[in-house]
Amino acid sequence: MSAMNRKVIQTLAETISKHAEHFNKTEVEFLIREFNVLLGEQTVSGRAVPGLDRGKFRSILHNIFGMTDDMIMDGVFRTFDKDNDSFVSMKEWVEGLSVFLRGTLEEQIKYCFHVYDLNGDNYVSREEMFHMLKNSLIRQPTEEDPDEGIKDLVEITLKKMDYDHDGRLSFTDFEKSVREENLLLEAFGTCLPDTTVRLNQRLTNYNNLLLFMTDILNLIHFFFCFQSIESFEHHVFQEQLEQ
């Protein structure tokens, strides 16, 4: 994609900022510039691509936000890619980051549920929970059959979160559970960059969480992930201002 001139970027930012309520127009301009840098000169069959493909997007999640779980990163990509065309467009990039970086609890509940709903049927099934937890939890070398422990965690999770007792989690189940205990927002794997506030909240409430979901969070990125938001926003917003 060729470099955009300032007027084109300002026009795009004016339009996109109306749908990305957590960024102001100037911040959207910076995010558009960053998108173009990340997109580079990607082509498919000699034609410019309409956005970030799955591989490029996953590299961003890994290199900038420290994500390592392939299943979760695919879920994040699917959640950003709202039109399901296998690319994250400029508009989807900005609107997705608005929730990813600065979303309200309500927005992030919807976001996380969508990430965890691996097959898009509007439920998180036993099988989906098992596969996500298997990917995210650290296995102990002494465990003879770690799968049995994960199955036990799935049953503990359902006992806590499955309010209508149908053996799976609906959005209503998930939302109610997270509103009662915010730590359950990322119960099946880290799909948001952490913040200092959320980290402190985890430190305060972790002992209570162990009573009903031992090891589910597994302290994934517990001590360092909160830095990813600060470093990304400094790179995109502050450094461009200094140029």
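Before reading on, note that the structure itself is shown above.
Residues numbered from 1 in each chain as written. Predicted model: local features only at pLDDT ≥ 70, side-chain atom pairs only at ≥ 80, totals over all residues. Heavy atoms only, no water.

**Description of helix α5 (residues 90-102)**
Our working definition: The secondary structure listing takes helices from DSSP runs of H or I that are at least 4 residues long and strands from runs of E that are at least 2 residues long, numbered from the N terminus. Expected helix span is computed as 1.5 Å times (number of residues minus one). Each residue is assigned to one of three classes by its accessible area relative to the maximum for its type, calculated with a 1.4 Å probe on protein chains only: buried under 20%, partly exposed between the two thresholds, exposed over 50%.
With 13 residues, α5 extends 18 Å from end C-alpha to end C-alpha; this agrees with the ideal 18 Å at 1.5 Å per step. Counted residue by residue, α5 has 11 buried out of 13 residues, so it is predominantly covered. The set of residues buried in α5 consists of M90, E92, W93, V94, E95, G96, L97, S98, V99, F100 and L101.

**Quick look at the packing of helix α7 (residues 126-136) against helix α8 (residues 146-161)**
Note the threshold: Geometry is summarised by axes, namely lines fitted to C-alpha atoms with helices restricted to the contacting stretch, and by angles between N-to-C directions that run from 0 to 180 degrees. By definition in this entry, angles of less than 35 degrees are roughly parallel, angles greater than 145 are roughly antiparallel, angles of 65 to 115 are roughly perpendicular, and the rest are oblique. Left-handed describes a crossing in which the near helix is turned anticlockwise from the far one by less than a right angle; the clockwise case is right-handed. Working rule for contacts: check all heavy atoms of both residues, and any pair within 4.5 Å makes them a contact. As a working rule, the residues Ala, Val, Leu, Ile, Met, Phe, Trp, Tyr, Cys and Pro are called nonpolar, Asp, Glu, Lys and Arg charged, and the rest polar, with Gly in that last group.
It is the contact of α7 with α8, at a shortest axis distance of 9 Å, that shows an interaxial angle of 125°. Relative to α8, the element α7 lies oblique. Every pair of crossing elements has a handedness; the one defined by α7 and α8 is right-handed. Contacts between α7 and α8 involve R126, M129, F130, L133 and K134 on the former and, on the latter, D147, I150, K151, L153, V154, E155, T157 and L158. Grouping the amino acids of the contact of α7 with α8 by side-chain chemistry returns 7 nonpolar, 1 polar and 5 charged.

**Focus on the packing of helix α6 (residues 105-116) against helix α9 (residues 171-180)**
The N-to-C vectors of α6 and α9 enclose an angle of 130°; their axes lie 10 Å apart at closest approach. By the angle between their axes, α6 is oblique relative to α9. For α6 against α9, the interelement crossing comes out right-handed. Across the interface between the two elements, L105, E106, I109, K110, C112, F113 and Y116 from α6 touch F171, F174, E175, V178 and R179 from α9. Broken down by class, the residue content of the contact of α6 with α9 amounts to 8 nonpolar, no polar and 4 charged.

**Regarding the state of the cysteines**
For clarity, the cut-off: Note on disulfides: each one is a pair of cysteine sulfur atoms within 2.5 Å.
Inspection of every chain in the model, using the stated rule, returns 0 disulfides. Left without a disulfide partner, C112 is nearest to the cysteine sulfur of C191, which lies 3.4 Å away. C112 sits in the buried class, given a relative accessible area of 0%.

**Examining the nonpolar core**
In globular proteins that are soluble, nonpolar side chains generally tend to be buried together. What counts is decided by this rule: Buried Ala, Val, Leu, Ile, Met, Phe, Trp, Tyr and Cys residues form a nonpolar core when they are joined through side-chain atoms within 4.5 Å.
Ranked by size, the top nonpolar core spans 63 residues in total, and within it V76, W93, F100, Y111, Y116 and F188 carry the most contacts. Setting aside residues no more than four positions away along its own chain, V76 makes contact with F57, L61, M67, Y111, V115 and C191.

**Let's talk about the layout of surface pockets**
Rules: Points on a 1 Å grid over protein atoms alone make up a cavity when a 1.4 Å probe fits among them but cannot get out, and a pocket when they form an open set with protein on both sides within 12 Å along at least five of seven lines; lining residues each have an atom within 4 Å of a point. Grid points are joined across faces, edges and corners, and a volume is the space filled by probe spheres set on the points.
For the largest pocket, the calculated volume is near 390 Å³. Lining the largest pocket we find 19 residues, and of these K82, E95, V99, E107 and Y111 sit closest to its centre. Those elements that place two or more of their residues in the lining of the largest pocket are α4 (70-80), α5 and α6. Element by element, the count of residues in the lining of the largest pocket is highest for α6, at 5 residues. Of the residues belonging to the lining of the largest pocket, the class tally is 5 nonpolar, 7 polar and 7 charged.

**Considering the side chain of E92**
Stated formally: When charges are counted, Lys and Arg are positive and Asp and Glu negative, with His and the chain ends excluded. The term salt bridge refers to a pairing of a side-chain nitrogen on Lys or Arg with a carboxyl oxygen on Asp or Glu at a separation within 4 Å. Here a polar contact is recorded for every N or O atom pair within 3.5 Å, except that within protein the pair must consist of a potential hydrogen donor and a potential acceptor, and residues adjacent in sequence are included only if both atoms are side-chain atoms.
Note on placement: E92 falls in helix α5. Salt bridges are absent for the buried E92, whose nearest opposite-charge side chain, K91, sits at 7.7 Å. Of note is the side chain of E92, whose polar atom sits 2.9 Å from the backbone nitrogen of S89. Non-local contacts of E92, meaning those with residues more than four positions away in its chain, are made with F80, D81, K82, D83 and F87.

**Topic: unusual backbone geometry**
A negative phi angle characterises most non-glycine residues, just as the trans form characterises most peptide bonds. Phi at S86 takes a positive value of approximately 70°, unusual for a residue other than glycine. Structurally, the position occupied by S86 is in the loop between α4 and α5. Owing to a relative accessible area of 41%, S86 belongs among the partly exposed residues under this scheme. Phi is positive for N122, close to 70°, though the residue is something other than glycine. Looking at the element boundaries, N122 is found in the loop between α6 and β3 (123-124). N122 gets classed as exposed once you look at its relative accessible area, which sits at 54%.

**A few points about the pattern of salt bridges**
Two side chains bearing opposite charge may form a pair once their charged atoms approach each other closely. A full pass over the atoms with the stated rule returns 12 salt bridges. Among the ionic pairs, R179 bridges to E175, the shortest N-O distance being 3.5 Å. In this pair, R179 and E175 are both assigned in helix α9, 4 residues apart and thus about one turn of the helix distant. With a relative accessible area of 23%, E175 lands in the partly exposed category. Through salt bridges with shared partners, a single ionic network connects R54, R58, D70 and D74.

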